[in-house]
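What follows is each chain in one-letter form.
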Amino acid sequence: HGAALANPLVDLGNARGCLGDHAGKRDLFQRALPMYEALHGRRSERVAYVLAGIGETYGDLGDERMEPMVEEALSIYEELHMEPEVASTLLLLAVCMGHRGAFDKQKELVERSLTIGESAQALISLAKSHGALGDAKEKCTLLEKALNMEEHEYGTDSLRLCATLYNLANAYAADSRGSKKVEVMERILSIKEQAYGEDDPRIRSALYSAGAAHASFGNAERQIVVLERALAIDEREFGKESVKVAVALTTLAEAYKKIDEEKTAASLERARDIFDLEGLDGEGIVERGPPPAPAPYQRPDSPIPESEDDDESYEDEGIAPAKEKATELYKSLQALEYKKQKILKAQEASKAEEPQVDAGMTLDLGRVPWIRAEKEHLALLREELGDDWSAIASRLGTGRTALHCEQHVQDEALRAAVA
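Remember, predicted model here, so these are calculated numbers, not experimental data. (Residues numbered from 1 in each chain as written. Predicted model: local features only at pLDDT ≥ 70, side-chain atom pairs only at ≥ 80, totals over all residues. Heavy atoms only, no water.)

1. Some points on the overall build of the protein
Counting its regular elements, the protein contains 18 helices and 0 strands. Split into buried and exposed, the 419 residues of the protein put 42% on the buried side. Across the protein, every contact between residues at least 6 apart in sequence was considered, and the portion connecting residues at least 24 apart equals 61%. (Helix = DSSP H or I, 4+ residues; strand = E, 2+ residues; numbered from the N terminus. Buried < 20%, exposed > 50% of the residue type's maximum accessible area, 1.4 Å probe, protein only. Contact = heavy atoms within 4.5 Å.)

What follows is the structure, given as structure tokens:
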């Protein structure tokens with residue numbers, strides 16, 4: 001009755017693996033292995049299948065015994081001339097090479113697999129090898145080809161595309177094509193919205209990932225739109241007093257800081273209340289809502305630099321770092337407000353000493369000397385906003401125009417060069 005028991009064990013093991021229970025799959029396959037060996041012999045197709053399955057779970061669990069298991073399965077498939085199985089097992093062995101950091105060998109194995117038959121999986125594996133070897137452009141090309149194959153197989157709006165799309169987004173970023181990464185992250189969001197709905201908690205990770213992509217590309221307005229939607233989902237899902245919401249508010253405050261100081265302050269006030277910060281140096285965090293979900297399993301000490309690619313989900317950075325960030329942002333806001341008030345007071349004092357002008361005349365601020373506090377504020381704003389002179393002048397709040405700010409910076413640079 002070995003087969004009658006072995007087959008269900010393998011089926012149950014595969015189900016466990018689909019649910020992320022890799023240890024459970026390993027244990028069930030290990031129970032089935034001696035049964036198949038007794039029935040069919042060690043060099044049989046069923047034994048090779050189970051060996052490959054055990055090897056795959058070892059890889060998922062970070063067990064170095066993966067490689068010999070997969071090598072034996074490959075040798076059996078080659079002996080039996082089972083080309084499709086040889087191709088897929090070569091890819092599994094390539095994963096072993098990636099674990100060891102042998103990316104040249106990994107690339108060689110994937111290319112062998114491709115000579116047997118081209119598949120999206122093989123192209124993705126080869127793309128990762130090129131990425132690990134520093135060839136971001138070729139990685140993009142291979143992933144684009146793999147995506148095209150998946151689109152033909154599953155359709156252009158299938159959720160099964162998301163992992164490859166996320167790989168491609170990261171590849172575009174590595175190849176200095178930030179706008180393409182934004183485009184791909186927006187597509188992932190669109191696919192998930194169509195599958196689940198625009199307010200479903202399952203699109204939360206895609207919203208945060210899209211927000212991060214927009215942030216890296218400097219598109220603050222779109223970043224804020226998606227982060228506000230994510231915050232609304234978090235408030236419904238976890239409660240408005242949850243630490244999850246406080247983390248989201250801190251992320252949103254960083255985005256607001258680029259264009260709206262009032263909203264930045266309001267978001268940080270809410271975050272501070274949830275974090276229970278008594279003043280800026282308060283200790284301890286009170287969790288008033290459900291705790292954050294545990295992080296997914298990560299292979300310990302994995303040497304594979306590409307390991308994050310396959311998971312398109314956004315992971316929270318954690319409560320303590322978010323608390324520190326909220327505190328830092330709040331201090332920054334206070335410092336800017338203090339400097340602004342200092343500038344205004346100094347200007348009022350300066351104006352009192354200036355000769356009065358006729359009602360029909362206007363004071364040319366371009367001729368009014370820059371005071372020290374005003375210069376310091378300008379320097380801070382330049383660090384944050386670069387050469388966006390209109391935004392700098394607006395945030396400076398002292399009546400200076402964009403042209404005044406730009407001209408002052410150029411004059412200071414010229415003085416420094418002469419000195």
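2. Brief notes about helix α6 (residues 103-116)
Within an α-helix, residues lying three or four positions from one another point in the same direction, as the helix has 3.6 residues per turn. Helix length check: α6 (14 residues) gives 20 Å between terminal C-alpha atoms against 20 Å at 1.5 Å per residue, within 8%. When α6 is considered as a whole, its buried residues turn out to be Phe103, Gln106, Leu109, Val110, Ser113 and Leu114. Buried residues of α6 fall within an arc of 145° about the axis and therefore sit on the same side. Away from its buried face, by an angle of more than 90 degrees, α6 presents the exposed residues Asp104 and Thr115. On its buried side, α6 packs onto α5 (83-100) and α7 (120-132). (Expected span 1.5 Å × (residues − 1). Arc of directions from axis to C-beta.)

3. Some details on helix α13 (residues 243-256)
With 14 residues, α13 should reach 20 Å at 1.5 Å per residue; the first-to-last C-alpha distance of 20 Å fits that figure. Counting buried positions along α13 gives 13 out of 14 residues, so the element sits mostly inside the fold. With a side-chain oxygen lying 3.0 Å from the backbone nitrogen of Lys244, the N-terminal cap of α13 falls on Ser242. (Polar contact = N/O pair within 3.5 Å; in protein donor to acceptor, adjacent residues only side chain to side chain.)

4. Focus: the side chain of Ser125
Structurally, Ser125 is set in helix α7. Accessibility expressed as a relative area gives 17% for Ser125, which makes it buried. If sequence neighbours within four positions are ignored, Ser125 has contacts with Leu91 and Val110.

5. Topic: the packing of α5 against α6
Between α5 and α6, the least distance of the axes is 8 Å, while the angle of their chain directions is 170°. With respect to each other, α5 and α6 are oriented roughly antiparallel. Taken together, the residues of α6 that come into contact with α5 (itself represented by Glu83, Val86, Ala87, Leu90, Leu91, Leu93, Ala94, Val95, Met97 and Gly98) are Phe103, Lys105, Gln106, Leu109, Val110, Arg112, Ser113 and Ile116. For the contact of α5 with α6, the residue count by class is 12 nonpolar, 3 polar and 3 charged. (Axes fitted to C-alpha atoms, helices over the stretch in contact; angles between N-to-C directions. Parallel < 35°, antiparallel > 145°, perpendicular 65-115°, else oblique. Nonpolar A, V, L, I, M, F, W, Y, C, P; charged D, E, K, R; others polar.)

6. Topic: unusual backbone geometry
In this structure, His81 takes a positive phi of about 55° despite not being glycine. Tracing the backbone through its elements, the reader meets His81 in the loop between α4 (66-79) and α5.

7. A word on the confidence of the model for the protein
The predicted model of the protein averages 79 in pLDDT, with 77% of residues at 70 or higher. Mean pLDDT across the elements of the protein bottoms out in helix α15 (residues 319-353) (60) and peaks in helix α10 (residues 178-196) (93). Within the model, the stretch residues 277-316 combines pLDDT values under 50 with 90 contacts to residues more than four positions away or in other chains. Confidence drops under a pLDDT of 50 for residues 354-363, and excluding neighbours within four residues, the segment shows 1 contact in the predicted structure. (pLDDT = per-residue confidence, 0-100.)

8. Re the environment of Glu406
With respect to the secondary-structure elements, Glu406 resides in helix α18 (residues 402-418). According to the relative accessible area criterion, Glu406 is partly exposed, its value standing at 29%. With 16 residues separating them in the primary sequence, Glu406 and Ser390 have C-alpha atoms 9.5 Å apart.

9. Focus on the pattern of salt bridges
Counted according to the given criterion, the structure contains 24 salt bridges. Two residues, Asp27 and Arg26, come together in a salt bridge whose shortest N-O distance is 3.0 Å. Measuring nitrogen to oxygen at the nearest pair gives 3.1 Å for the salt bridge that ties Glu111 to Lys107. Placement of both Glu111 and Lys107 in helix α6 is noted, with a separation of 4 residues, approximately one turn of the helix. The exposure class assigned to Glu111 is partly exposed, which follows from its relative accessible area of 33%. Salt bridges here are not isolated pairs; linked through shared partners, they connect Glu37, Arg42 and Glu72. (Salt bridge = Lys/Arg side-chain N within 4 Å of Asp/Glu carboxyl O.)

10. Considerations on the environment of Ala393
Relative to the helices and strands, Ala393 is located in helix α17 (residues 389-396). Residues contacting Ala393, with those up to four places away along its chain left out, are Arg400, Thr401, Ala402 and Cys405.

11. Details of the packing of aromatic side chains
Going through the model one piece at a time under the given rule, you end up with 1 aromatic pair. Seen in terms of ring centroids, Phe29 and Tyr49 are 6.3 Å apart; in terms of plane orientation they differ by 35°. Their pairing is tilted. Residue Phe29 is located in helix α2 (residues 22-40), and its partner Tyr49 is located in helix α3 (residues 45-61); the two are separated by 20 residues in the primary sequence. Look at Phe29 and you get buried, because its relative accessible area is 1%. Between Lys25 and the ring centre of Phe29, over which it is positioned, the NZ or CZ distance is 5.4 Å. Stacked on the ring of Trp370, the Lys or Arg Arg400 has its end atom at 4.3 Å from the ring centre. (Phe/Tyr/Trp six-rings, centres within 6.5 Å; stacked < 30°, edge-to-face > 60°. Lys NZ or Arg CZ within 6 Å of the ring centre and 35° of its normal.)

12. Topic: the packing of helix α12 (residues 220-238) against α13
Look at α12 against α13: their axes get within 9 Å of each other, and the N-to-C directions meet at 165°. What the angle tells us is that α12 and α13 run roughly antiparallel. Of the two elements, α12 crosses α13, and the hand of that crossing is left-handed. For the pair formed by α12 and α13, the contact residues are Gln223, Ile224, Leu227, Glu228, Leu231, Asp234, Glu235 and Phe238 on the first element and Lys244, Val245, Ala248, Leu249, Thr251, Leu252, Ala255 and Tyr256 on the second. Split into classes, the residues belonging to the contact of α12 with α13 amount to 10 nonpolar, 2 polar and 4 charged. (Left-handed = near helix turned anticlockwise from the far one by under 90°.)

13. As for the environment of Glu79
Along the chain, the position of Glu79 falls in helix α4. Sequence spacing of Glu79 and Ser44 is 35 residues, and the spatial spacing of their C-alpha atoms is 9.6 Å.

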